[in-house]
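Take a look at the letters that make up each chain.
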Amino acid sequence: MNYTNAFFKTLLLLLLISFYPEIVKSQQINKGIYSLAPADRWQDALISGNGEMGVLVFGDPENERIIFNHEFLYEPIGSANVEPPNIAKYLPRTRQLLYEGKYEEAINYSIDMARKEGFSKLLWTDPYHPALVMNINQPIFKKVKNFKRSIDFKSGEIVVSWEDKKRTYTRRTFVSRADNLIVQKLSGDKINCSISQDMQGARANDWATLREISYGIEEPIESTTSSWLTFRLKYKLNERGYEVVTKVILKNGKSEVDKNVLSIQDADEVLLISRIIPLEDFAQSQIESAKDEIELAGTDYEVLLKKHAKIHEEIFNRVEFDIYPNDAPRHSVEELIALQNDKPDVINPELLEAMFNMGRYALLSSSGKNPPNLMGIWNGQWRPAWSGDFTTDANINLQISSANIGNMKEAIMSYMLLLERISGDWEINARKLYGTRGYLAPTRTSGRRGLHSHFNVSFPGHFWLAGAEWLLLPCYEYYQVSGDRDFLVVRLLPMLEKTALFFEDFLVDEDEKGHLIFAPSYSPENQPLNQKTQSSVNAVMDIAAAKEVIANLISIYKELDIKPGKIRKYQDMIAKMPPYLINEDGALKEWAIDDLEDNYNHRHVSHLYPVWPGHEINPEDTPELFEAAVIAMNKRGKGNMSAHGVMHSALIRARLKMPEEVYKNTLFLLTNDFIYNGMFTSHNPRLHIYNSDALCSLPAVILESLIYSKPGQIEILPGWDEQMPEGRVSGVPCRTNAIVDELSWDMVKGQVVIKITSGKDQDIQLMLRNRNGNLIEKVSGLNRKLIDDATTTISFKAGETKEFKIEIDKE
């Protein structure tokens, strides 16, 4: 990016906003965004998707590019089916070295034995890649005027419009959930254009190419007629591949074909209907059956859009977040970024509200049979950073963090499908690496397999024990918010039991105080300050995950009234778990062992697992550890300033009731060049590496700041800073099988209103922390005093709704 040009563009936008506010006032898009310039690069393109397929639309009137993506298109590079080495028999020696404090020797020995058993090196996952780019070249007669490109979050439709020589042109695009189709409509006064298809994004400096892995694809096979475009590509290393088929329908005008370029003259309308088809066997083409299904879907754009929007809009609208007046001017993305940068010390409420909605839109649009990967579902290059895969030691849980409390069952179901698909391999990992039964999850996957082969001396990922529970916790949270007993018993419970089974077999040694020892262990991706290796003993994340899955199983068994013997066994295991430690700074230690020193300046905050996503450390039950966690977060640096670290820290700080710090974390994201002009986010500041970690997790940060919940408790505004004194949120599920139908607050007036519907008979403790006031029930008029963080207990019947007004005392 040319930062000099960017500076002058920003300055020009601010001048326009200051002197010509009527330009802005004409734009009113409440649930959507718009831009006043086409994308210069794919990262600035607008996105649409149905979970399975996605598109990136540049919006260039003259040289339009639409990049097609599919959630299952990963280039085979030969690593997916490689099983971990059989090194379980060497575990006793590895442990002995760790017990002696020889951490570096321990990891070197483990890797040496892995090589002895045939393990060559750390292996990368198959890289995520685009399907193709569709080029639409449309000559400009004079000069483009009144250009705008936009996304309607409620329908998922992208609209690009402009004027040229007093002629108006429009391109509309969406990806249908109802029909699994990419639909584009070009309309205007006499459309003259050419349409072609090409490979997208293969460049010499792509990330994996630097690892000397040759491209594993053959030349594409194209076919173009006046009615159909097809594009087929086979992978080299196996029989898989994919194909793309597009139907072309003209309203008036004519067309001709020359060397796979379709030229169209004088059309009033062009309709393009496409489908991407992953193939397990490239020899078995599905183009003809896809053509039949496209024909069956029909060729009326409005009908196709209406069918899709009915599904998409209902999901998107379940949660609403309002902190910017609906009748106020709406600014373009470029203007919003400029306005925020002009006032970097205060969050721009319009930008934050738009980012919340964009995050929900991206999560929904990239949740299909897979959850979002590192890029959501959108990618404009082959061999993206970290293969564009599912990175499991932090990122994927941040991607999915708003699914439950954001009322998006569809996202959690896509996530569960991924886990169910790959979890069989977790048993292979456990058996081969540690000789145990049960689950051991890897640190990354491309979604087909879950084998553990991404580790070496500098990245001892095979020492990470927490993975399976870390990955399954959002699914247990889904049960907490929904009460879906069938999901719990049939799908989730067997997986939780296999996760606990690993710890039953793995935790065999005790220290001199009778505490179980986690050896080896790993706190992603941090290294103790006094060591030269990341290998360790008693990483807090591993301990917390083990305690959590066992405690959750105890709770489930009691609820189902089953397995009393297991309950007793697991209660004994929890009693023998190593205690968390507090260091000389008063901070929660990252490793629960005396000889490993904390390294505060790191992007990962894995040892705060008992705070978020767990609930073990909280001010009521563990006040000393809670204060130690606060100190740990106050001392934590940002490391390389990765967006996932910023958002992870914000989620933890919301749980630690630190509204000022949550505000600062959020402001850091909004003011350090993390936001592209299509409102997607980057992994690092200065728009470095296209990545959806921050985008998809920001809604969770906001929702956790507004409403905290756990079984039997709902806390209001625990992490919300009063610099944003007024607003409203609705439709938020709580982890006690209840939903906050609406929460509104006006801190200037000292009023909070909350409406709650319970999904079961229960008592719920309601809390408004750090504030005193009166709670008044709307129907009964019941008036209760709230004093000094005290809770008030409200009784609900299943399906009952109650509304309360809280009048906050003036200080």
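Further up the page is the structure itself.
Residues numbered from 1 in each chain as written. Predicted model: local features only at pLDDT ≥ 70, side-chain atom pairs only at ≥ 80, totals over all residues. Heavy atoms only, no water.

**Some remarks on the overall build of the chain**
So, point 1. A count of helical and extended segments in the chain gives 18 helices and 29 strands.
So, point 2. Computed over the C-alpha atoms, the radius of gyration of the chain is 27 Å, within 12% of the 28 Å expected from 2.2 N^0.38 for a compact globule of 811 residues.
So, point 3. Taken over the C-alpha atoms alone, the chain extends approximately 85 × 70 × 50 Å along its principal axes.
So, point 4. By the burial criterion, 62% of the 811 residues in the chain qualify as buried.
So, point 5. Of the contacts formed within the chain by residues at least 6 apart in sequence, a portion of 70% connects residues at least 24 apart.
So, point 6. Within the chain, one finds 92 positive and 111 negative side-chain charges whose respective centroids are separated by 2 Å. (Helix = DSSP H or I, 4+ residues; strand = E, 2+ residues; numbered from the N terminus. Rg over C-alpha atoms; globule rule 2.2 N^0.38 Å. Buried < 20%, exposed > 50% of the residue type's maximum accessible area, 1.4 Å probe, protein only. Contact = heavy atoms within 4.5 Å. Lys, Arg positive; Asp, Glu negative; His and termini not counted. Charge placed at Lys NZ, Arg CZ, Asp CG, Glu CD.)

**Remarks on the packing of aromatic side chains**
So, point 1. Under the definition given, this model contains 28 aromatic pairs.
So, point 2. Geometrically, the ring pair formed by Y434 and F506 is edge-to-face, given 5.3 Å between the ring centres and 90° between the ring planes. On the criterion of sequence distance, the pair formed by Y434 in helix α10 (residues 409–434) and F506 in helix α12 (residues 485–506) is long-range, its members being 72 residues apart.
So, point 3. Residue classification places Y434 among the buried positions, given a relative accessible area of 7%.
So, point 4. Owing to a relative accessible area of 1%, F506 belongs among the buried residues under this scheme. (Phe/Tyr/Trp six-rings, centres within 6.5 Å; stacked < 30°, edge-to-face > 60°.)

**Describing unusual backbone geometry**
So, point 1. A cis amide bond, omega -5°, links A519 with the succeeding residue P520.
So, point 2. Its place among the elements puts P520 in the loop between α12 and α13 (540–560).
So, point 3. That bond from W612 to P613 is cis: its omega, 10°, falls within 30 degrees of zero.
So, point 4. Here P613 lies in the loop between α14 (564–575) and α15 (623–635).
So, point 5. The phi dihedral of D266 is positive, around 55°, even though this residue is not glycine.
So, point 6. As for its position among the elements, D266 is in strand β14 (residues 261–279).

**Observations regarding α12**
So, point 1. Between the first and last C-alpha of α12 there are 30 Å, a value that for 22 residues agrees with the 32 Å anticipated at 1.5 Å per step.
So, point 2. Largest kink in α12: about 50°, centred on L492, with the proline P494 one to four residues after it.
So, point 3. With a side-chain oxygen positioned 3.4 Å from the backbone nitrogen of D486, the residue opening α12 is D484. (Expected span 1.5 Å × (residues − 1). Bend = angle between axes of the 7 residues up to and from the residue. Polar contact = N/O pair within 3.5 Å; in protein donor to acceptor, adjacent residues only side chain to side chain.)

**Points about the environment of K247**
So, point 1. Note on placement: K247 falls in strand β12 (residues 241–251).
So, point 2. As for K247 and E295, which are separated by 48 residues in sequence, their C-alpha atoms are 8.5 Å apart.
So, point 3. With near-sequence residues (within four places) excluded, K247 lies in contact with S227, W228, L271, L272, I273, I294, E295 and T299.
So, point 4. Side-chain polar atoms of K247 contact the side chain of E295, separated by 3.1 Å.

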